[in-house]
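Here is how the chains run, residue by residue.
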Amino acid sequence: MTTVANDVLSDITNVSRRAFTLGLGASVFVLAAGLKPSFGADGQAYGGDAMPHGLKEDPLVFLSVAEDGTVSIICHRSEMGQGIRTSLPMVMADELDADWSRVKIVQAPGDEPTYGNQNTDGSRSMRHHFQPARRMGAAARRMLEEAAAKTWNVPVEEVEAVNHEVIHKATGRKLGYGALAKSAAEMSVPPREKISLKKPSQFRYIGKGKIGLVDNFDITTGRAKYGIDTRFDDMLYAVIVRPPVYGGKVAKFDATEALKVPGVVKVVELESPPPPSEFQPLGGIAVIASNTWAAIQGRDKLDITWDHGPNASYSTDIYHADMRATAQKPGKVVRSYGDVDAAMKTAAKRITADYYIPHHAHGTIEPPAAVARIVDGKCDVWGPLQDPQAARDRLVKLLGIAYEDVTVNVTLLGGGFGRKSKPDFALEAALLSKAVDGRPVKVTWTREDDLMHDYLNTTAVEHLEAGLDADGKPVAWLHRSVAPSITSIFKPGVKYEAPFELGMGLVDVPLDVPNLRVENGEAEAHTRIGWFRSVTNVPHAFAIQSFVAELATAAGRDPKDYLLELIGPPRRITLKLPELKTDDPWWNYGEHPETYAIDTGRLRRVTEVVAQASKWGRELPKGRGLGIAAHRSFVTYTAAVVEVEVDGGGRITIPRVDIAVDCGPQINPERIRSQMEGAVIQGVSLATVSNITFRDGQVEQTNFDGFELTRIDAAPREIHVHLVAPDETYEEPLGGVGEPGVPPIAPALVNAVFAATGKRLRELPIRDQMAS
Amino acid sequence: MAITFNVNGEPREVDVDPNTPLLWVLRDELGLTGTKFGCGVAQCGACTVFVDGMPQRSCVTPVELINGSDITTIEGVEGPEASAIQKAWVEIDVPQCGYCQSGQIMSAVALLRDISDPTDEDIDGAMTGNICRCATYVRIRQAIKNAAAELKG
């Protein structure tokens, strides 16, 4: 008998076991008929409507009220620290006018046909789901009101839902949500035009920042369950040794000694698919044991000869030099206007700089881990998955079983940052469960596994050239970006970046220059490249915002004033073909090009706000300096000022960082602040100490002693987050929050180091360049 | 080999390879998953527990060395410092993903038991061994100070 020792799991089972569902038996098609997706004039879908499986906004699916008044709200997005299990249900609860203390959060399994898109990535959760969540809450509120009106035989206009009960003002009668649950279930879901959303002045929770994280108690008492914490009584534990070089495979192996380790149950060879490996497991040799330690001990005893394959010569030094050489030659033009070459020739001054950024690992403190079991031909998986549907679709194919027979349960994620959007580790668990007749198997990645086999953020050389006129103003701007593409994990022979990669702060550079050309140089990937928080915005912002500061220096200008001048006057920019020379129209994070046009007024505003808040221009003692940078990413605007202090030995400390953010309407301000605080320090980390390098195709950093991360002693002592809202109507389009804090930090930091020392650093991380 | 020790006040006996790190005994044998695996080499602090009241990285502590000891994990940590720290953590919403916070809290409790009114340097000294990848450090520092202030009354 298998028993489940996991609170998260018991929540999940409730999805299909709820006793009273609001609107039980009512038609979901009523609501569906009222839906008007946001399509452009060309019929093109944008935002959440353009995501796989789109948006589902059926209150019958997402909300239920029990007879005791408990409101259960399904969170269909994955929780990885951004607070979505709190914030999104909070939106529904607000429109429902529910008492938050009587709300229970239920985590949805991977099931996009039911819940709509669940891929928790791209800073999209609140951006895409805020309005649907509001409408669902409001629709359910209306149903409760209709139920009460019917009970009292009064017009529905005379009743009002207030804080978990419906009130008939004229007579003072009241009915709690629990008492109304059954009768509300008989109401049909109101069509969209009958749903009335609250005015912002009526919000109980939205925009208030008074709701703590729903998982806080569990987290602070050790009760919170992450994927790695999933347990079954008869579970086996596995670790895998994967090919040390991407594209490699086992030539031969001997498991004799491994099998002698007490506790080792089985050794299984897993096939290594040839690259591109997409989200498939990398293969290798798995050791299955009665506990994790025995599995690790057994793995150490394996004798394996590898066939390293075609990427065995991948070495960072050589690749860096190659990218640098490529960046000096013309590349594929991806955006162009004016005549850059002519303007460069007549410019009073020409400035050129190359910037380098290494691979970066996610380093989630919960490494990839998942549990799978197969019972009666049905596979259940539990894991910390950002994209559970991706896991489900691939499990169906991998196991050759029916879609309905695969259940992907989403646990809490001990960090995500893009790593857990790839479900390779969940597929490994399923393969190993199959190898032991369906018994539950937990696959744990050790830290070494995680760093050696990550989907790394790309490495890049960014080549910038500018021609300045006699006043120091740029008349020509050339940016050539060279970086291996994420799309290399999906198809062979990829040499150029995809529109979405070019669209992260490269082609959409919002500067006011009369002649501009952006090029993309060739680069082939030799390892798995993947999404890391802010993705290619990291190298693009680092290069562009460093270069702007370099130009300011060349022009003898204040960096902040010069940056504002280069951003230019407030205007809305929509990138169009043929100025844009990519194969596809402007990516713009999947959002509508007009609704979400680049608004330089907003970029100016965050820059001005952060400059003022940080007292830009103030006198500083010797060895201290301020640096500034601004960037638009995930349709949100951020600007940062970093203050550094550099001592005589080149040691950097960061007394203070200010960051201003304009993400449109702010739903849960405290979570926006915490996301910015974390993003600032991740930015400091990648700027100062962290990198992944390769030698002979293999990662050189195997644990946190090699892949260093910023710790509390080196973190900024103070971080001041300045929230800049465009309006209080909550009707403006929302921007992303999870990622946009990262890109401005590295350039602001190196600009501050320059201000403090006169030393211009163009390669990250700067750790080893400070001593001389 | 049978090894006996107390975990959160309860006597336990396990029969495992004596070299097994305490971390895996807690997680796999005893089902106490609040203590987290992060690195396996005492680099990240996620596995911090108390052994006879002293904070230790359970991922590098062979279980044979704790024979007869009192182990405290996040599930059982208590006392005025623990209460103050847990309360302070919740009050200012320190956690993001929360995974490292078991270890952060254990280190912070140990700090306050040692130094009731820690300076920033004391906090750096006690907490630098604990990595938070979500980088909640600013709030961790503040919460420790808040807890210390509350304990002072």
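Residues numbered from 1 in each chain as written. Chains lettered and ligands numbered in written order. Predicted model: local features only at pLDDT ≥ 70, side-chain atom pairs only at ≥ 80, totals over all residues. Heavy atoms only, no water.

Residues and elements named next belong to chain A. Splitting chain A by domain gives domain 1 (6–219), domain 2 (227–310 + 368–444) and domain 3 (316–361 + 455–769). One C-alpha centre belongs to domain 2, the other to domain 3, and the line joining them spans 37 Å. Of the residues lining the interface, 15 residues belong to domain 2; the matching set on domain 3 comes to 17 residues. Between domain 2 and domain 3 the total buried area reaches about 1,400 Å² when both faces are included, carbon and sulfur atoms providing 60% of it. The interface formed by domain 2 and domain 3 contains 1 salt bridge. Taking the shortest distance from any N to any O, the salt bridge between Arg 528 and Asp 424 comes out at 3.2 Å. Classifying every residue of the side of domain 2 that touches domain 3 gives 7 nonpolar, 4 polar and 4 charged. (Domains from an automatic or database assignment. Contact = heavy atoms within 4.5 Å. Buried area = accessible area lost by both parts, 1.4 Å probe. Salt bridge = Lys/Arg side-chain N within 4 Å of Asp/Glu carboxyl O. Nonpolar A, V, L, I, M, F, W, Y, C, P; charged D, E, K, R; others polar.)

On to the sheet that holds strand β1 (residues 2–7) of chain B, then. For sheets, the rule is that strands pair by backbone hydrogen bonds, running either parallel or antiparallel. Residues and elements named next belong to chain B. Read from one edge to the other, the open sheet built from 5 strands follows the order β2-β1-β5-β3-β4, with strand pairing classed as mixed. Every interior strand has two partners, whereas the edge strands, β2 (10–15) and β4 (54–57), have only one. Going from strand to strand, the sheet's axes swing by 40° on average, the running direction of each strand aside. In this sheet, strand β5 (residues 70–72) lies alongside strand β3 (residues 48–51) in antiparallel orientation, the contact comprising 2 bridges. Residue Phe 50 lies in a different strand from β5, and its bridge partner there is Thr 72. This element, helix α1 (residues 22–29), spans β1, β2, β3 and β5 of the sheet and lies at about 105° to β3. (Pairing = 2+ DSSP bridges. Helix = DSSP H or I, 4+ residues; strand = E, 2+ residues; numbered from the N terminus. Axes fitted to C-alpha atoms, helices over the stretch in contact; angles between N-to-C directions.)

Turning next to the interface of chain B and chain A. Between chain B and chain A, the contact holds 50 residues from the first and 63 residues from the second. Between chain B and chain A lies a buried interface of about 4,600 Å² when both sides are counted; carbon and sulfur atoms form 55% of it. Seen at the junction of chain B and chain A, the total is 7 salt bridges. A salt bridge links A:Glu677 to B:Arg139; the shortest N-O distance between them is 2.7 Å. For the pair chain B and chain A, the interface holds 32 residue pairs in polar contact (both at pLDDT 80 or more). Elements with a minimum of two residues in the side of chain B that touches chain A: α1, α2 (80–91), α3 (101–114), α4 (120–127) and α5 (137–152) of chain B. Grouping the constituent residues of the side of chain B that touches chain A by class yields 22 nonpolar, 15 polar and 13 charged. (Polar contact = N/O pair within 3.5 Å; in protein donor to acceptor, adjacent residues only side chain to side chain.)

All names here are of chain B. The set of residues buried in α4 consists of Asp 120, Ile 123, Asp 124 and Met 127. Along the axis of α4, the buried positions cluster into a sector of 100°, meaning they face one direction only. Of the exposed residues in α4, those oriented more than 90 degrees away from the buried face are Glu 121 and Gly 125. Summarising the contacts, the buried residues of α4 are in contact with α3 and α5. (Buried < 20%, exposed > 50% of the residue type's maximum accessible area, 1.4 Å probe, protein only. Arc of directions from axis to C-beta.)

Counting 169 residues, the largest nonpolar core has A:Trp477, A:Val644 and B:Ile144 as the members making the most contacts within it. Residues A:Met136, A:Leu144, A:Ala148 and A:Val159 belong to the second largest nonpolar core, which totals 53 residues. (Core = buried A, V, L, I, M, F, W, Y, C linked by side-chain atoms within 4.5 Å.)

Glancing now at the domain arrangement of chain B. Residue and element names in this part refer to chain B. Per the domain assignment, the segments of chain B are domain 1 (2–72) and domain 2 (80–152). With 13 residues of domain 1 at the contact, the number on the domain 2 side is 11 residues. A combined buried area of about 990 Å² lies between domain 1 and domain 2, and 57% of that area is made up of carbon and sulfur atoms. In this assembly, domain 1 and domain 2 are joined by 0 salt bridges. Across the contact surface, domain 1 and domain 2 share 5 residue pairs in polar contact (both at pLDDT 80 or more). Of all the secondary-structure elements, those providing two or more residues to the side of domain 1 that touches domain 2 are β3 and β4. When residues in the side of domain 1 that touches domain 2 are grouped by element, the largest group, 3 residues, is from β3. Its residues placed into classes, the side of domain 1 that touches domain 2 shows 6 nonpolar, 5 polar and 2 charged.

The subject of this paragraph is the packing of helix α17 (residues 537–555) of chain A against helix α21 (residues 745–757) of chain A. When two helices pack together, their arrangement is captured by the angle between the axes and the distance separating the axes. Residues and elements named next belong to chain A. Direction vectors running N to C along α17 and α21 enclose 30°, while the axes themselves pass 8 Å from each other. Comparing their axes, α21 and α17 come out roughly parallel. Of the two elements, α17 crosses α21, and the hand of that crossing is right-handed. From α17, Ala 541, Phe 542, Gln 545, Ser 546, Ala 549 and Thr 553 reach across to α21, where they touch Ala 746, Pro 747, Val 750, Asn 751 and Phe 754. Classifying every residue of the contact of α17 with α21 by side-chain character gives 7 nonpolar, 4 polar and no charged. (Parallel < 35°, antiparallel > 145°, perpendicular 65-115°, else oblique. Left-handed = near helix turned anticlockwise from the far one by under 90°.)

All right, on to the pattern of salt bridges then. The tally for this structure, following the rule as stated, stands at 58 salt bridges over all chains. Residue A:Arg717 pairs with B:Asp120 through a salt bridge whose shortest N-O separation is 3.1 Å. Residue A:Arg717 is located in the loop between β27 (698–699) and β28 (718–723), and its partner B:Asp120 is located in helix α4; the two belong to separate chains.

Right, let's talk about the side chain of A:Glu428 for a bit. All names here are of chain A. Residue position: Glu 428 is located in helix α14 (residues 424–435). The exposure class assigned to Glu 428 is buried, which follows from its relative accessible area of 1%. A polar side-chain atom of Glu 428 sits 2.8 Å from a polar atom in the side chain of Arg 242. Within polar-contact distance, the side chain of Glu 428 engages the side chain of Trp 445 at 3.0 Å. The contact partners of Glu 428, leaving out residues within four places of it in the chain, are Ile 240, Arg 242, Pro 281, Leu 282, Val 443 and Trp 445.

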